[in-house]
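So you can see what is in the structure, the chains are spelled out below.
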Amino acid sequence: MPDLAIQTQGLRKEFRTRRGTRVAVADLDLAVPAGGVHGFLGPNGSGKTTTIRMLLGLARPTSGTMRLLGEPVPERLPAVVDRVGAVVESPKFSPNLTGRQNLLLLSRSIGVPDTRVDAVVETVGLSGRDRDRYKAYSLGMKQRLAIAATLLKEPDLLILDEPTNGLDPAGIREIRETIRGLGASGVTVLLSSHILAEVQQVCTSATIVGHGRLLASGTVEELLGGSTAYRLVVPDQAAAREALAAAGLTVGEEDGALRVETDDPVAVTRLLGARDIWLSELSPLRADLESFFLDLTAADQEATR
Ligand SMILES: Nc1ncnc2c1ncn2[C@@H]1O[C@H](COP(=O)(O)OP(=O)(O)OP(=O)(O)O)[C@@H](O)[C@H]1O
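What counts and what doesn't
- Residues numbered from 1 in each chain as written.
- Predicted model: local features only at pLDDT ≥ 70, side-chain atom pairs only at ≥ 80, totals over all residues.
- Buried ≥ 20, exposed ≤ 12 C-beta atoms within 10 Å, placed from the backbone.
- Helix = DSSP H or I, 4+ residues; strand = E, 2+ residues; numbered from the N terminus.
- Arc of directions from axis to C-beta.
- Contact = placed C-beta atoms within 7 Å.
- Near = placed C-beta within 6 Å.
- Nonpolar A, V, L, I, M, F, W, Y, C, P; charged D, E, K, R; others polar.
- Pairing = 2+ DSSP bridges.
- Axes fitted to C-alpha atoms, helices over the stretch in contact; angles between N-to-C directions.

S.K.: Any chance you could explain helix H3 (residues 99-109) here in plain terms?
M.R.: Each turn of an α-helix holds 3.6 residues, which means side chains three or four residues apart point in the same direction. Listed in full, the buried residues belonging to H3 are Gly 99, Arg 100, Asn 102, Leu 103 and Leu 106. The buried residues of H3 all sit within an arc of 160° when viewed along its axis, so they share a single face. Away from its buried face, by an angle of more than 90 degrees, H3 presents the exposed residues Arg 108 and Ser 109. The secondary structure elements touched by the buried residues of H3 are helix H4 (115-123) and helix H5 (139-151). With its phi angle positive at about 75°, Gly 111 sits one or two positions after the end of H3.

S.K.: How should the site of the ligand be read in this particular structure?
M.R.: The environment of the ligand is formed by 13 residues, the closest being Phe 15, Ala 24, Asn 44, Thr 49 and Thr 50. With three residues, the single largest contributor to the shell around the ligand is helix H1 (residues 48-55). Here the shell around the ligand is built from residues that sort into two nonpolar, nine polar and two charged.

S.K.: Is there a simple way to think about the sheet that holds strand S4 (residues 63-68) in this case?
M.R.: To summarise the sheet geometry, strands pair through backbone hydrogen bonds and adopt either a parallel or an antiparallel arrangement. Ordered in space as S2-S1-S4-S5, the four strands form an open sheet in which the pairing is antiparallel. Both edges of this open sheet fall to strand S2 (20-33) and strand S5 (71-73), since each of them pairs with a single strand only. Averaged over all neighbouring strand pairs, the angle between strand axes comes to 25°, with direction disregarded. Pairing geometry for strand S1 (residues 4-17) and S4, over five bridges, is antiparallel. Within S4, the residue paired with Arg 12 across the bridge is Ser 63.

S.K.: It is not clear to me how H4 should be interpreted in this structure. Could you clarify?
M.R.: For H4, the full list of buried residues reads Val 117, Val 120 and Val 121. Here the buried residues of H4 occupy an arc of 105° about the axis, which is enough to place them on one side. The inward-facing, buried residues of H4 contact H3 and H5.

Right, dumping it as structure tokens:
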């Protein structure tokens, strides 16, 4: 497998509209490492679906190049299409057939053994419900069946466009677990979303876009950086505050507790312990992807205004 499962260079898509030219994707360099779950994040209308449609040969780029699993596409799409699964639009399943029957129809049409159906049903957590009719499925189960259908071919790369759209929290959790399992099993997953909180929990790396342009890309740790602030709970806040400030640390308040800016929590514990001030809590205040994303996209809105 190449190091990058997906790579685009200078990818651009312009649409002609009655009001002129709309740039949906603006010279996007996308690099999705092979293995793990990669978040493709951006607000509504930032060009995620258009990018995915171009990768899958469903829309033609205005300019730029793309590679899927090392092969240039769309030129070599037939060579990789069997190794790529995608859920872009709601797939058509027969409402009166069971989930299992729907998958069997599909597996036979693409020449995959029936035993694959058992495997994919298990992977997406539909065992026990696969003999229920499709029309009785919740939205989350329908979405998991759609993912199961793409897994029949045992793809190396799975592209999911907003798979949690319209789901309730329980449905979102189920999809999240399914995607986490897939990432752990070695499939590369590109997961597009505008909802960050849930994506942060499953992604190993992410690309953030705004107005079709790349705003940031990297592993989640790289994007967020290390934790540089901690929340402290101590019996005597005033004494702790004084001791920390005397050591040159910046101290503030966080939900009624102390907040100290440092990247060395051990030193904080030692410093307070030496003054007989004992902590009942010391927890990192992590930046989350959500606030990072909101800051980035807000700055982008401002810049393009
Ligand atoms: N066929 C089209 N004709 C004209 N404009 C289009 C077309 N398809 C998409 N666009 C425009 O391109 C921009 C990017 O849309 P796109 O659907 O790719 O964004 P997105 O990030 O996937 O958003 P969402 O999260 O809402 O799906 C939008 O401004 C959209 O209106």
